[in-house]
Amino acid sequence: MRSENGGMLESGLELSNGREILGETIQTEKWYPVYTHPRAEKKAYLALTQKGINTYLPLHKQLKQWSDRKKIVEEPLIKSYLFVKISPQQQAEVLMTKGIARFLYFSGKIATMPDRQIDDLKLLMVSAVEVEVTEENLVPGEKVKIKAGPLKGMLAEVVEYRSQRQLALRFEDMGCCIIIHVAASYISRI
């Protein structure tokens, strides 16, 4: 399924954050980063959506060059990762999906991501900002908020990388940082 907003794949409707039935709270659905087999992100995405699981696979356009031609293709933004919004009871169903390798763990527990981080990632994918993903361990810097442009309201950390001032959004549970190029006049200190 392809959306009109720049290569972002998303399926399903998001359910409410939980409700109470006879005094018991039903566990809320959370976003989980899922590790896929190499080069299986799109196939795993399709298999999960066919099962009715709310899945998000951020894609970006990239120019590929072969010996005889050049072509723009949609590649996963983060290799071997996609995101599912599920309840804990659905974890086994996700693991039994073709192309899925495992959930990510952080401090011995399955890692979850706040809705805000997924929303920020979706905002990045629909903006015209140049995006680069790196697995380098970036040193955290000053926290800033973007005050103008298509990413207005997004929170991030400023880092020095390749001798240029750039904005980095840290997704610590995933072990990577997303680098975006933004004019310094678009940011303000928090």
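Everything discussed here concerns the structure shown above.
Residues numbered from 1 in each chain as written. Predicted model: local features only at pLDDT ≥ 70, side-chain atom pairs only at ≥ 80, totals over all residues. Heavy atoms only, no water.

(A) Looking closely at unusual backbone geometry. In the Ramachandran plot, R39 falls in the positive-phi region, its phi being about 60° despite a non-glycine side chain. Turning to its location among the elements, R39 is positioned in the loop between β4 (30–36) and α1 (41–50). When its relative accessible area of 78% is taken as the criterion, R39 is described as exposed. One non-glycine residue with positive phi stands out, namely S80, at about 65°. Here S80 lies in the loop between β6 (70–76) and β7 (81–86). By relative accessible area, S80 is classed as buried at 9%. (Helix = DSSP H or I, 4+ residues; strand = E, 2+ residues; numbered from the N terminus. Buried < 20%, exposed > 50% of the residue type's maximum accessible area, 1.4 Å probe, protein only.)

(B) Expanded view of helix α3 (residues 115–126). Its twelve residues give α3 an end-to-end C-alpha distance of 17 Å, which sits within 8% of 16 Å, the value for a rise of 1.5 Å per residue. Three or more residues of α3 are buried, namely Q117, I118, D120, L121, K122, L124 and M125. (Expected span 1.5 Å × (residues − 1).)

(C) Region of interest: the pairing of strand β5 (residues 54–65). Pairing of β5 with β7, which is carried by three bridges, proceeds in the antiparallel orientation. Residue pairing across strands places T55 opposite V84, the latter belonging to β7. Across seven bridges, β5 lies against β6 in antiparallel orientation. By the bridge assignment, Q62 is partnered in β6 with V73. (Pairing = 2+ DSSP bridges.)

(D) Focus on the packing of aromatic side chains. Overall, the coordinates contain three aromatic pairs when judged by the stated rule. The interplanar angle of 80° and the centroid separation of 5.7 Å between the aromatic rings of Y35 and Y81 together place this pair among those described as edge-to-face. Placement of the pair is Y35 in strand β4 and Y81 in strand β7, with a sequence separation of 46 residues. Owing to a relative accessible area of 28%, Y35 belongs among the partly exposed residues under this scheme. Residue classification places Y81 among the buried residues on the basis of a relative accessible area of 12%. Cation over ring: R102 sits above Y35, and NZ or CZ is 4.8 Å from the ring centre. A cation over a ring is seen here: K122 above Y56, with NZ or CZ 5.3 Å from the ring centre. (Phe/Tyr/Trp six-rings, centres within 6.5 Å; stacked < 30°, edge-to-face > 60°. Lys NZ or Arg CZ within 6 Å of the ring centre and 35° of its normal.)

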